[in-house]
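Listed here are the chains, written in short residue letters.
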Number of protein chains: 2
Amino acid sequence: MAPFAGLVEELVRASLTDGQAYEKLALLCRVAPHRLSGSQGADRAVEWARETMIRDGLENVRLEPVLVPCWERGDTAQLEILEPPMPSGEGELRILALGGSVGTPGEGIVAGVVEVTSFEELANLGGAARGKLVLFNRPMDPALVNTFAAYGGSVGQRGQGAIEAARVGAVGALVRSMTTLRDDSPHTGAMHYEEGVDKVPSVAVSTLGAEKLSGLLRDHPGRVRMRLRLDCRTLPDRPSANVVGEIRGREKPEEIVLIGGHLDAWDVGEGAHDDGSGCCQVLEAARLLLASGLRPRRTLRVVLFLNEENGLRGAQAYYETHLEELPLHVMALESDRGGFTPRGFTTDGNPRAAAMLAAASSLLSSIGCSDMLPGSGGADVSPLRRKGVVTVGLYPDCQRYFDVHHSENDILAAVNERELELGAVAIAALAYVVADLPERLPPNEVTDGESR
Amino acid sequence: MAPFAGLVEELVRASLTDGQAYEKLALLCRVAPHRLSGSQGADRAVEWARETMIRDGLENVRLEPVLVPCWERGDTAQLEILEPPMPSGEGELRILALGGSVGTPGEGIVAGVVEVTSFEELANLGGAARGKLVLFNRPMDPALVNTFAAYGGSVGQRGQGAIEAARVGAVGALVRSMTTLRDDSPHTGAMHYEEGVDKVPSVAVSTLGAEKLSGLLRDHPGRVRMRLRLDCRTLPDRPSANVVGEIRGREKPEEIVLIGGHLDAWDVGEGAHDDGSGCCQVLEAARLLLASGLRPRRTLRVVLFLNEENGLRGAQAYYETHLEELPLHVMALESDRGGFTPRGFTTDGNPRAAAMLAAASSLLSSIGCSDMLPGSGGADVSPLRRKGVVTVGLYPDCQRYFDVHHSENDILAAVNERELELGAVAIAALAYVVADLPERLPPNEVTDGESR
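All figures in this text were calculated on a predicted structure; none of them were measured in a lab.

**Things to note about the nonpolar core**
If you look at the biggest cluster of nonpolar residues, it comprises 76 residues, and the most contacted ones within it are L263(A), L304(A), F345(A) and I367(A). For this core, the element with the most residues is helix α12 (residues 417-436) of chain A, which contributes 14 residues. In contact with I367(A), not counting residues within four places along its chain, are V8(A), V12(A), P342(A), L422(A), V425(A), A426(A) and V145(B). In terms of nonpolar packing, the next biggest core, distinct from the first, is built from 75 residues, V12(B), I247(B), L420(B) and A435(B) among them.

Structure (structure tokens):
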């Protein structure tokens, strides 16, 4: 790593005195605060990203077509407690439709409620859930220091809850929000349906709402009745695009080091952390390198993916569009864990690649970001793993992420400028080193030998 | 460290599922948001701390008398631009009197302004500063990742500015706020006078205010005139107290491991990070150990100091009160760098002690808090260093601290519950290990052999 002495210090100085990641993010959050795939906001975000890349001096800036789903939240999301009688002002729980959910009839669905904390518990209810709404109330485990692990342990009820509810004859799913906070902000997110299983509506309730409802069920067994009204709907797919720009390599331009994030975001809050931060960090990483006159041996490619949140169509489109080129993808790095102080990276690299990456990340010890942990890159680069591409994910401090994730609180004010800029430095440094090393990272094994 | 296997995991689980550091902090910020030494708020904070220790089951809970200074901010802090004529609404800069400043006559001080970025520059002005207000406008260096280093590089103009200004015949000091943010919140803090040098008033201006004023001075050389009005004042010293409680050691109760923070806080904001967080973390560290049935070999002593911000009288009183006992102080750990995600510690321990401390902190790698860096404990435990006591400071992520430090923005909402609780875990674990190790940390050299 001797040739890279001074690299991090130079990038840190440039970034902390005159970095533009936060400025970019402020603009993105103003131009397109709501940019769910298929929305006009997403179109504006795509155009903003293209213009930003051109202004920053990236090369080969282009839009790569992606056909994205178009789900609209609508105007109505109401969950009323009909029984037992509630004091005035306490008869409604704040909810958000989960992304992809069907709506309800205009008059809503009126039903009783059963509560479970696992799919096993639901299956064991026998017929008791038939005709009911199912409250999935498994909290994220607050005891896990790694909040992503806690998320992983509970998010299944959000993604699969409606399917499992429908399997037992329930008429809807009410899912506890994925956060360790006890507050009244529901957190949305993706949910799925399965071919051959009834499509029932599915909503997020806040953690306090879930606990209130749980208390009612305990205190008034068999008596709780609710009305759920939703007018969300799915429209036909719409054309959109991944936004791509490059710093062409000075010696091996055909070899690619990809850095990316996702432009789409949930339609509440501003997607400031998820994943405006990641987008602005990778854009800024490229700008920092250009501004410092650092053109690596290999090509650095910035990719802002569409539709990470509810379909992964951008990731799939990139995979398909660049299939022939994937063996030349030396690394694909994603930033999609929030714009907090960077602590290190996760990687699925083979032992030799991981050792090289660890040597590279050790250069970042001066900013406290030298960890290179086992893991992977993230959803957008995950398809590339099938072709042996080594993926890497930026790993920031994770204590605050799920406070805001997918909620109205994911706004610019929740992002700290210095923390965000340091993440851009970390990405710039790691990507530059990997793109500039004489030896390329050895690829992983190809797990999918087919051309598709 | 084998005897301590599982310790951190147990503390983490207890803390992240049922920790009370944040709950304590919320209460402190409600009971005594303003608790500058000598104020009624400080009295309430002392009583709150005593009650909290008793409720949590600490032993030998007591108040140890401290005579503290009593400076009052007053109601008026006004800095008007008289010349050049300003557009309506732009003729005043937001300021805060620096703690300890004298006031002005009722009609204020009217004077021109000179700007400097160093004391050398001020001295070189010759007579040009005579009769003027001096704008000390040296920014914190944003390029330093360690914001405490950036603070250290600029805070001299706050502490000494009034003295240096008076030396050259100036009539007041206007000091750029100690933050890397560009915003309009002034940050207060301590300033000093020197025997035999005129006492001139000294105030903090926001960073944007300082830049605006700097622009006026550039655009209207020699023409800027301002009026400064302050009614802050110093009253006679008042009695107050350090609050002390213990977990008595099971084998060597006479040997002391001290953990502390400071109860007093500036009278703007709520002192949530500075140093409500530190106080609540050390209180909570003791509670966590008690709740887990962990009574160490040596005595763990919790000390909440008074008057860190503007006098250090509590630190000095502790030193004097416990002078005979200081050789038995194995370690003194302070938390006074904000309630952010803990990253490690700093210590002034001799090589052998530092190695033992590093072995102890390595137990905290699972929460990312294993660093044991050269440095020291903090202001409150600094007098103890003269007697060879090894001091340690908790070192949290530092990117956000000076955004809020000593300003109206240092409020509970700026503290993240999980980040705060993890700091309590870090303190509990390190203090417990040091208090329980068969071998005591070897003391540092005594640098002050006198009994006083």
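**Remarks on the sheet that holds strand β3 (residues 92-93) of chain B**
Residue and element names in this part refer to chain B. Pairing is mixed across the open sheet formed by eight strands, whose spatial order is β3-β2-β9-β5-β6-β7-β8-β4. Because the sheet does not close on itself, it has two edges, and the strands there are β3 and β4 (95-97). One ladder, built from six bridges, connects strand β2 (residues 77-83) with strand β9 (residues 225-230); its direction is antiparallel. Each residue of the ladder has a partner; that of I81, found in β9, is M226.

**Description of the pattern of salt bridges**
Taken as a whole and assessed by the stated rule, the structure comprises 64 salt bridges over all chains. The salt bridge involving R352(B) is made with E439(B); its shortest N-O contact spans 2.9 Å. Of this pair, R352(B) sits in helix α10 (residues 351-361) while E439(B) is found in the segment after α13 (417-436), placing the two residues 87 residues apart along the sequence. The partly exposed category is assigned to E439(B), whose relative accessible area is 40%. Because the salt bridges share partners, they merge into one network encompassing R62(A), E64(A), E246(A), R248(A), R301(A) and E325(A).

**Focus on the side chain of S202(B)**
Residues and elements named next belong to chain B. Its location among the elements puts S202 in strand β8 (residues 202-205). Relative accessible area serves as the criterion here: at 0%, S202 is assigned to the buried category. Among all residues touching S202, those that are not within four sequence positions of it are A97, L98, S101, A162, A173, V175 and M191.

Reading the values: the criteria
Starting from 1, residues in each chain are numbered consecutively following that chain's sequence as written. As a convention, the first chain written is A and the first ligand written is 1, with the rest following in written order. Local features are withheld for residues below a pLDDT of 70 in this predicted model, meaning they are given only at 70 or higher, and side-chain atom pairs are given and counted only at 80 or more; totals for whole chains, interfaces and linings count all residues. Side-chain descriptors were evaluated using all non-hydrogen atoms of the structure, hydrogens and water having been removed beforehand. Buried Ala, Val, Leu, Ile, Met, Phe, Trp, Tyr and Cys residues form a nonpolar core when they are joined through side-chain atoms within 4.5 Å. Residue exposure (1.4 Å probe, protein chains only): buried if accessible area is under 20% of the type maximum, exposed if over 50%, otherwise partly exposed. A run of H or I in DSSP counts as a helix once it spans at least four residues, and a run of E counts as a strand once it spans at least two, with each numbered from the N terminus. Contacts are residue-level and defined by heavy atoms, with any inter-residue pair within 4.5 Å sufficient. Pairing between strands is defined by DSSP: at least two bridges between the two strands are required. Between Lys or Arg on one side and Asp or Glu on the other, a salt bridge is scored when a side-chain nitrogen of the former is within 4 Å of a carboxyl oxygen of the latter.

These figures capture arrangement, not role.
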